[in-house]
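One-letter residues, chain by chain:
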Amino acid sequence: MRTVEEHQAVVAALLAPLGEEEVPVAAAHGRVLARDVAAGVPLPGHDNSAMDGYAARSADLAGLPVRLPVADDIPAGRTEVVPLAPGTVQRIMTGGLLPPGADVVVPVELTDAATDVVEIRDAPAAGTHLRRAGEDITAGTVALEAGSPLGAAQLGLAAAVGARTLWVRRRPRVLVLSTGSELVEPGEPLLPGQVYESNSLLLCAAVEDAGGTARRLHFVPDDVDQFLTTVRSELADADLLVTSGGVSAGAYEVVKDAFRTLGTVEFGKVAMQPGGPQGAGTVDGVPVVTLPGNPVSSFVSFEVFVRPALRRALGHASPDRLRAPAVLTAPLRSPAGRRQFLRGRYDAGRVSQVGGPGSHLVAHLARANCLVVVPEDVTELPAGAAVDVVLIEGALQ
């Protein structure tokens, strides 16, 4: 029986780093940066005002209140300003170019807001409400490092330093296939012994959440020849095939039966619960990861093995989920010799188990926002015990 880490290494080794492509900044949301981005300009690009008010010399503000003539108006976007003459102020808007000689901006709220001769009742110290050129980032400095996921803030920074395009990792193309003669398309009538097929939708969403593009193959019945025909006809443009179901020790395990005839996919058990039966290898040179069919087992297996492998191939600097220490609100039990991944609700450093350990309890999975990790050598923990939790995104809040 493999350890969790051993099987993680097997799956990770299947996926090579993905290639690079150049895309417009506007099309880079959710991608992973492949090359560093250097700032083409400093931020701020010039000394400017942080407030609507009056650019002044602090030496002219002694003996408040004072009345000073307003020598000029500086709106945001004005590209040229005249130096500030002693004994005068210039009305300035937020972001406006600071005139040479000014060393403070007096907020309009501390004045009578006049436009000819302004009365200043109070004033901050010299250097207040100024934004100095380059105080955020200097020109030529690395603004974004390769491996950074590109969210709203990162794209805003890229545009702010002048980038029009970005080099990103190509998204992995993942085929998702569920098997089982008992599976029925949601919405169709169910006969006794049948269930609605949900794993492929779950896994496609998980692939996209990890940064890939997913294509859902129509699930096939438990027929080896039909399974292989379906799979091989779809592999040409895939980076990875993920299957669910058909990998346990019983009869009619179509995935295991089909791929064993090829001799390129290895099946075995991993010392974890849920998700013990696993398989990994290649089919026609394309990486394949086979997951168990129970919905929770399939989800947890994807989280533990497939998601980090995809994110490493994408070049993520931090491919793993965030973890946090937590305190149990109630006691729990765990089987010896297996790492347990329990569904949980994490809130402010405390975690409570959601439902039982059964791998069919998908409604409990939908209410969880974390996985509680119980080590292989721990069989029970009391309320108040410290545990490690994996924070899963996209959970109900």
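Read on for an overview of the structure. Being a predicted model, the structure only gives us computed values, none of them experimental. (Residues numbered from 1 in each chain as written. Predicted model: local features only at pLDDT ≥ 70, side-chain atom pairs only at ≥ 80, totals over all residues. Heavy atoms only, no water.)

1. Observations regarding the side chain of Glu 303
Considering the arrangement of structural elements, one finds Glu 303 in helix α6 (residues 295-313). There is a polar contact of 2.8 Å between the side chain of Glu 303 and the side chain of Arg 321. The residues touching Glu 303, leaving out its near neighbours within four places in the chain, are Pro 308, Arg 321 and Ile 392. (Helix = DSSP H or I, 4+ residues; strand = E, 2+ residues; numbered from the N terminus. Polar contact = N/O pair within 3.5 Å; in protein donor to acceptor, adjacent residues only side chain to side chain. Contact = heavy atoms within 4.5 Å.)

2. Let's talk about the nonpolar core
Core analysis: the biggest nonpolar cluster contains 36 residues, and Leu 240, Met 272, Val 300, Phe 302, Val 306 and Leu 310 have the highest contact counts within it. Listed by contribution, the elements that provide at least two residues to this core are α1 (4-14), β12 (173-179), α3 (199-210), β16 (240-244), β20 (286-291), α6 and β25 (370-374). The contact partners of Met 272, leaving out residues within four places of it in the chain, are Val 4, Val 300, Val 304, Phe 305, Arg 338, Arg 339 and Phe 341. Counting residues in each nonpolar core, the second largest holds 19 residues, with Leu 228, Val 265, Val 283 and Val 286 among its members. (Core = buried A, V, L, I, M, F, W, Y, C linked by side-chain atoms within 4.5 Å. Buried < 20%, exposed > 50% of the residue type's maximum accessible area, 1.4 Å probe, protein only.)

3. Regarding the pattern of salt bridges
Tallied over the entire structure, the rule returns 19 salt bridges. With its nearest N and O atoms 2.9 Å apart, the salt bridge here joins Glu 20 to Arg 35. Placement of Glu 20 in strand β1 (residues 20-24) and of Arg 35 in the loop between β1 and β2 (37-38) is noted, with a sequence separation of 15 residues between them. Relative accessible area serves as the criterion here: at 37%, Glu 20 is assigned to the partly exposed category. The salt bridge involving Asp 320 is made with Arg 312; its shortest N-O contact spans 3.6 Å. Look at the salt bridges and you will find they share partners, linking Asp 209, Glu 303, Arg 307 and Arg 321 into a network. (Salt bridge = Lys/Arg side-chain N within 4 Å of Asp/Glu carboxyl O.)

4. Let's talk about unusual backbone geometry
With the exception of glycine, most residues fall at negative phi, and the peptide bonds are largely trans. The omega angle of the peptide bond from Leu 64 to Pro 65 is 0°, so this bond is cis rather than trans. Along the chain, Pro 65 falls in the loop between β4 (53-56) and β5 (66-74). In this chain, Gln 273 is followed by Pro 274 through a cis amide linkage whose omega measures -5°. Within the secondary structure layout, Pro 274 lies in the loop between β18 (272-273) and β19 (277-283). One non-glycine residue, Ala 113, lies in positive phi territory at about 65°.

5. Description of α6
Taking 1.5 Å per residue as the helical rise, α6 with its 19 residues ought to reach 27 Å, and the 25 Å between its terminal C-alpha atoms agrees with that figure. When the local axis directions of α6 are compared, the greatest deviation, roughly 45°, occurs at Glu 303. When you tally the buried positions in α6, you get 18 out of 19 residues, the bulk of the element. Taken from the residues just after α6, Gly 315 is the one with a positive phi, measuring 90°. (Expected span 1.5 Å × (residues − 1). Bend = angle between axes of the 7 residues up to and from the residue.)

6. Some words on the packing of aromatic side chains
Within the structure shown, the criterion is met by 1 aromatic pair. Lying over the aromatic face of Trp 167, Arg 35 brings its terminal NZ or CZ to 3.9 Å of the ring centre. (Phe/Tyr/Trp six-rings, centres within 6.5 Å; stacked < 30°, edge-to-face > 60°. Lys NZ or Arg CZ within 6 Å of the ring centre and 35° of its normal.)

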